[in-house]
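# Overview (structure and organization)
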Amino acid sequence: MNPSIHHLFASGLVCPLDKNNVDTDQIIPKQFLTSVSRDGFAEALFYDWRYLADGSPNPDFVLNYPQYQGASILLSRANFGCGSSREHAPWALQQYGFQVIIAESFADIFYNNCANNGMLLIALSKGNIDSLFTRCSEGPQQWHIDLKNQEIRFGNNAALGFEIDPDIKQRLLSGLDFIGSSEQFAPQISDFEQSRKASQPWLG
Amino acid sequence: MGQTLYQKIYQSHVVGQLNASTDLLYVDRHLIHEVTSPQAFAGLKQANRPVRRPDLTFATMDHNVSTQRRSMDAAGETSRKQLEALAQNCDEHRIPLLDLTHPDQGIVHVIGPELGLTQPGMIIVCGDSHTSTHGAFGALSFGIGTSEVEHVLATQTLPQQQAKTLKIDINGALSPHVTPKDVILAVIGELGTAGGNGYVAEFSGSAIRAMSMEGRMTLCNMSIEMGAKAGLIAPDDTTITYLKGKEHAPTAEHWDAAVAYWQSLYSDDDAVFDKVVFIDASRIKPQISWGTSPEQVIAVDQPIPAAEAFSEQSKQDAARRAYEYMGLTPGQKLTDLTVDVVFIGSCTNSRIEDLRAAASLVEGKQVAEGVRALIVPGSGQVKRQAESEGLATIFKAAGFEWREPGCSMCLGMNDDRVEAGQRCASTSNRNFEGRQGRGSRTHLVSPTMAAAAAIAGRFVDITTGDWA
């Protein structure tokens, strides 16, 4: 996990992507999945929306607007990250620069994949998401994300609280080693395997 | 209070408690393929971790393979590198692999069940969202990301939190020409693509009991398209009969004990689900998706809905965007549209029963002029069976291309793609923008609806009988 995540939750420019059901095929199309590496996906992010058929940037796609260059917070709507389980999607978002995604809801596999890469996903009610899009329509937004206190701060003392699973929060704040913490259960895993072999020998 | 089937399987796999709401669950079967595993193996290597249970891990090549030639370089240089990486990783860690030379190679969610690797009560994971397919056997099975693939390879466990439970009770008899694909499309149309988020969905009712294992797999396969973590169907005699004699099914020595255990796997009568949905199977008509999300689906005799028909602004916007991308007008009938490509295949609908149903419509007819029609069997076993039953001959005589097994045009990672602006009748699972190729227009249908579209050269209502 990225050890520098703590300060990345500090503050950032918001890019509004006003769509429901943004699927992982859009986040990173299939032709980029043949890589055997974990890096190099930033250019592929939202490829079919971001680039025209001739490969030039699509000026009508929000990610290409000059005022959103350098954004690190992505705002979207319901069911973000649905579809394929490809972890290339969070890799591409993260490598492009997004550390926080705020949406009405997220697909389950995508949510876990992001958490496993140290990204913070914030789900808010439709009403709150509507109000955040309204803020964005008023001009480029710089928000401060305070994970510890579970707040999005907008400057001039305005803030919006959010809920997050306490286990995920703990993992994001402490940067716990995903595999390492389960490996501490090695004796219990061995015990489980022994009793499984005795009671269900056909499982191997 | 009784337990649901999901809760029974979950509880029986708890190795320990990681945090207040997170358990460590044991994984009985880990299926891997070339696309989502290389970075996991690289991670293991970097941390100098071995694979804990290569004997519970099983690999195949499917996403990226050519369906024209059985050669690793047939789908291009980057694909070759990825396939070779899988072969090398499996060799190094002693993981069984069905490579392109193996007669049983095929789509991971087709070969798991047909080899008997998929069994009731198991927890099965794979770096692929359609792992939900295996829920048809009463196995808790779900897709995972590459970090989780690495975690399972290292520990044979996965941190999980209990999902909510959803019961989808489907009763009544299906009308002629209505298939399990139509049932699941209708369910997704009803619940929406996010309707199952946070839930494990158990399908029950007389319509489910009457379905074959192939049909149940189609149903569970697409439960991910309504956002459900997994689909589940309690095992019954149909399940047990299917498994008997399969290569990796319990041997005679353990068979009776295994069956006795499987028969204990059902939701108790007094189990309480967080949500229950009732569906009348007899009212379901052949379905066809019109938009760019599986929830944008209608019965074939319905007109494309007007955006104003949706109460939510966001759904209205999505409908307008879909009209534009799909080249459609509200009010239009899909049966007035011609098709350019027909694809019968994918982990949703490439099993022997699907091919039999398609062949029954195709026999003695010809693919319409100008239509490119592909049949991609889900596995070597399906392919051989279809050839021995004469189905392949029927398809080829009608003008279909008869291919080698793989994921193929469902996601177009290989060279099987739909060109920009082309309209495809597809038995796959996703009609997302660009899914089958940039600018491709996908309409999700059953194998019989796809076969009929190939013959007629346009979408048809197969229940009317006057199209051929």
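Here is what the cut-offs are and how they apply
Per-chain numbering applies: the sequence of each chain, read as written, is numbered from 1 onward. Chain letters start at A and ligand numbers start at 1, both assigned in the order the entries are written. In keeping with the predicted nature of the model, local features appear solely for residues at pLDDT of at least 70, side-chain atom pairs appear and are counted solely at 80 or more, and the whole-chain, interface and lining totals rest on all residues. With hydrogens and water excluded, all non-hydrogen atoms of the structure serve as input to the side-chain values. Note on conventions: DSSP H or I runs of at least 4 residues are helices, E runs of at least 2 residues are strands, and numbering of each starts at the N terminus. When accessible area is computed with a 1.4 Å probe and restricted to protein chains, residues below 20% of their type maximum are described as buried, those above 50% as exposed, and intermediate ones as partly exposed. For this analysis, residues touch if any pair of their heavy atoms sits within 4.5 Å. The protein chains shown are the only cover counted for residues, whose accessible areas, like all others here, come from Shrake-Rupley with a 1.4 Å probe. A positive count includes Lys and Arg, and a negative count includes Asp and Glu. His and the chain ends are not counted in either. Throughout, a charge is located at the NZ atom of Lys, the CZ atom of Arg, the CG atom of Asp or the CD atom of Glu. Only strands that DSSP links by at least two bridges are regarded as paired with each other. Between N-to-C directions, angles cover 0 to 180 degrees, with each direction set by a line fitted to C-alpha atoms, over the stretch in contact for helices. The quantity called pLDDT is the predictor's confidence in a given residue, expressed from 0 to 100. Salt bridges are defined as contacts in which a side-chain nitrogen from Lys or Arg sits within 4 Å of a carboxyl oxygen from Asp or Glu. For the purposes of these results, a polar contact is taken to be a pair of N or O atoms within 3.5 Å, where, inside protein, one atom must be able to donate a hydrogen and its partner to accept one; residues adjacent in sequence count only when each atom of the pair is a side-chain atom. For this classification, the nonpolar set comprises Ala, Val, Leu, Ile, Met, Phe, Trp, Tyr, Cys and Pro, the charged set comprises Asp, Glu, Lys and Arg, and every other residue, Gly included, is treated as polar.

## Examining the overall build of chain A
- Scanning chain A from terminus to terminus reveals nine helices and seven strands.
- Projected onto its principal axes, the C-alpha coordinates of chain A cover approximately 65 × 45 × 30 Å.
- Out of the 204 residues belonging to chain A, those deemed buried represent 55%.
- Across chain A, the fraction of contacts at a sequence separation of at least 24, relative to all contacts at a separation of at least 6, is 64%.
- Summing over all exposed atoms, chain A offers an accessible surface of approximately 8200 Å²; the carbon and sulfur share of this is 50%.
- Measuring between centres, the 14 positive side-chain charges of chain A sit 1 Å from its 22 negative side-chain charges.

## Remarks on the sheet that holds strand S3 (residues 29–32) of chain B
All names here are of chain B.
- Spatial ordering of the open sheet is given by S5-S4-S3-S6-S7, a layout of five strands whose pairing is parallel. This sheet does not close on itself; its edge strands, each paired only once, are strand S5 (97–98) and strand S7 (140–143).
- Pairing of S3 with strand S4 (residues 57–60), which is carried by three bridges, proceeds in the parallel orientation. Opposite histidine 30, over in S4, you have threonine 57 as the bridge partner.
- Contacts from helix H5 (residues 146–155) reach S3, S4 and strand S6 (123–126), with the element oriented near 130° to S3.

## Describing the confidence of the model for chain B
- Residues at a pLDDT of 70 or more form 100% of chain B, whose mean pLDDT is 97.
- Both scores are given for the predicted complex: the pTM is 0.97, the ipTM 0.95.

## So, helix H8 (residues 213–221) of chain B
- With respect to burial, H8(B) is a largely interior element, nine of its nine residues being buried.
- Turning to H8(B), its buried residues are B:Met213, B:Glu214, B:Gly215, B:Arg216, B:Met217, B:Thr218, B:Leu219, B:Cys220 and B:Asn221.

## Points about the pattern of salt bridges
- Enumeration according to the criterion identifies 35 salt bridges over all chains in this entry.
- For A:Arg77, the salt bridge identified is with A:Asp18, shortest N-O distance 2.4 Å. Here A:Asp18 lies in the loop between strand S1 (11–16) and helix H2 (24–27) and A:Arg77 lies in the loop between strand S2 (73–75) and helix H4 (88–96), a separation of 59 residues in the sequence.
- In this structure, B:Asp416 and B:Arg403 form a salt bridge, with 2.8 Å as the shortest nitrogen-oxygen distance. You can see B:Asp416 sitting in the loop between strand S17 (401–402) and strand S18 (423–426) and its partner B:Arg403 sitting in the loop between S17 and S18, a full 13 residues away along the chain. The same class applies to B:Asp416 and to B:Arg403, which are both buried.
- Each of the salt bridges in this network shares a partner with another, and the network as a whole consists of A:Asp18, A:Arg77, A:Lys126 and A:Asp130.

## Overview of the interface of chain A and chain B
- Each partner contributes residues to the interface: chain A has 60 residues there, and chain B has 76 residues.
- Applying the counting rule to chain A against chain B returns eight salt bridges.
- Close ionic contact of A:Asp177 with B:Arg49 constitutes a salt bridge, the shortest N to O distance being 3.5 Å.
- The interface formed by chain A and chain B includes 36 residue pairs in polar contact (both at pLDDT 80 or more).
- By residue number, the principal contributor to the side of chain A that touches chain B is helix H9 (residues 186–199) of chain A, which donates seven residues.
- Among the residues forming the side of chain A that touches chain B, the class breakdown is 21 nonpolar, 24 polar and 15 charged.

## Brief notes about the pairing of strand S19 (residues 441–444) of chain B
Residues and elements named next belong to chain B.
- Residues Arg441 and His443 line one face of S19 and the alternating positions Thr442 and Leu444 line the opposite face, and both faces are buried.
- The pairing of S18 with S19 spans four bridges and is classified as parallel. Bridging from a neighbouring strand, serine 426 pairs with leucine 444 of S19.

## Brief notes about unusual backbone geometry
- Phi is positive for A:Asn21, close to 55°, though the residue is something other than glycine.
- When you line up the elements, A:Asn21 lands in the loop between S1 and H2.
- A positive phi angle, close to 70°, is found at B:His177, a residue other than glycine.
- In this structure, B:His177 sits in the loop between strand S9 (164–171) and helix H6 (180–191).

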